[in-house]
Amino acid sequence: MKRILKILIGFLLPLLVFTSLTYALSVDSVTVDRVSPGEDGIIKVNVENDGNNDIDFLSFNMDFPEDKIIPIGSSGASLNELKEDDDETFAFKFKVANDLPAGTYSISYLINYEENNAKREQKGTIGIVVSAEPELEVTADIEMPVMGQQTILNIRIVNKGLADARFVSLSIDSEGITLLSEKSEYVGTIDSDDFETAAFDIIPNTRRPNLEVRIQYKDFDNNPETMSVSLPLRVY
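Cut-offs applied
- Residues numbered from 1 in each chain as written.
- Predicted model: local features only at pLDDT ≥ 70, side-chain atom pairs only at ≥ 80, totals over all residues.
- Heavy atoms only, no water.
- Helix = DSSP H or I, 4+ residues; strand = E, 2+ residues; numbered from the N terminus.
- Rg over C-alpha atoms; globule rule 2.2 N^0.38 Å.
- Buried < 20%, exposed > 50% of the residue type's maximum accessible area, 1.4 Å probe, protein only.
- Contact = heavy atoms within 4.5 Å.
- Lys, Arg positive; Asp, Glu negative; His and termini not counted.
- Charge placed at Lys NZ, Arg CZ, Asp CG, Glu CD.
- Core = buried A, V, L, I, M, F, W, Y, C linked by side-chain atoms within 4.5 Å.
- pLDDT = per-residue confidence, 0-100.

Draft legend 1. Up close: the overall build of the protein. When you go through the protein residue by residue, the secondary structure sums to one helix and 16 strands. For a compact globule of 236 residues, the expected C-alpha radius of gyration is about 18 Å, and the protein comes in at 30 Å, more than 25% above that figure. Along the first, second and third principal axes, the C-alpha atoms of the protein reach 100 × 50 × 25 Å. Sorting the 236 residues of the protein into buried and exposed places 33% on the buried side. Residue pairs in contact within the protein that sit at least 24 positions apart in sequence constitute 65% of those at least 6 positions apart. Looking at the protein, you have 21 positive and 40 negative side-chain charges, and the mean spots of the two groups are 4 Å apart.

Draft legend 2. Inspection of the side chain of Ser59 at higher detail. Tracing the backbone through its elements, the reader meets Ser59 in strand β3 (residues 55-63). Residue class for Ser59 comes out buried when judged on its relative accessible area of 17%.

Draft legend 3. Quick peek at the environment of Pro224. With respect to the helices and strands, the residue Pro224 is situated in strand β16 (residues 224-232). Residue classification places Pro224 among the exposed residues on the basis of a relative accessible area of 65%. Distance from Pro224 to Phe167, taken between C-alpha atoms, is 9.3 Å for residues 57 residues apart in sequence. Ignoring sequence-local partners within four residues, the contact set of Pro224 consists of Tyr217 and Lys218.

Draft legend 4. Expanded view of the nonpolar core. If you look at the biggest cluster of nonpolar residues, it comprises 27 residues, and the most contacted ones within it are Ile43, Leu58, Phe60 and Met62. Contributions of two or more residues to this core are made by β2 (40-49), β3, β6 (87-96), β7 (103-115) and β8 (118-130). Top contributing element to this core by residue count: β7, with five residues. Ranked by size, the runner-up nonpolar core spans 23 residues in total, among them Ile155, Ala198, Leu231 and Val235.

Draft legend 5. How the structure looks around the confidence of the model for the protein. Looking at the protein, the pLDDT average stands at 89 and 91% of residues meet or exceed 70. Contacts of residues 1-20 to residues separated by more than four positions or lying in other chains number one contact, the stretch itself having pLDDT below 50.

The structure is reproduced here in structure tokens:
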């Protein structure tokens, strides 16, 4: 009988310890404004007292990366008491830096409170989505622009936007040029503030050929995009 009692105590003791470490406070919901570089947004956090006791001296503090995402006003909030089965919503306003690249950024938070005169601490992270669009600029030049001579046509695509252009492909067409290579080429990803170049073997047939360039890519939200440009060329 004593052996059975020892086994039961050994089994129940970890359960009692685990139960004593459970938190009375839970983050019930988080809503975050989706913003673009340079814009303001609001984070709303709803916390709920799921325990069997009232909570005292509750504080909620956000750790903003101030070089990228800047708090407007206070980055913390407090509450003297949160009763059992009650909830509270905290709101924090922030601003995104003008030059912050598009992406998902994490913000840490720290919750402190007292329950039955015992101090509690909880940590977590909140994600902020900063969205932007690629801004593509296309230029073209012929290395040796001599009519009737084989040469190379270079297409340069510059991304001036704050988001990457992904899965980029381009195709060209012109009645004033004989194309000696494939008319389309896969470029891949063009990072923000970067460029890529595609080269085509051609023979110019007229002195002022007009080049039609069609570019397809996917934006920050993985949506397919298409742009078309017409570029005048000069041949001698």
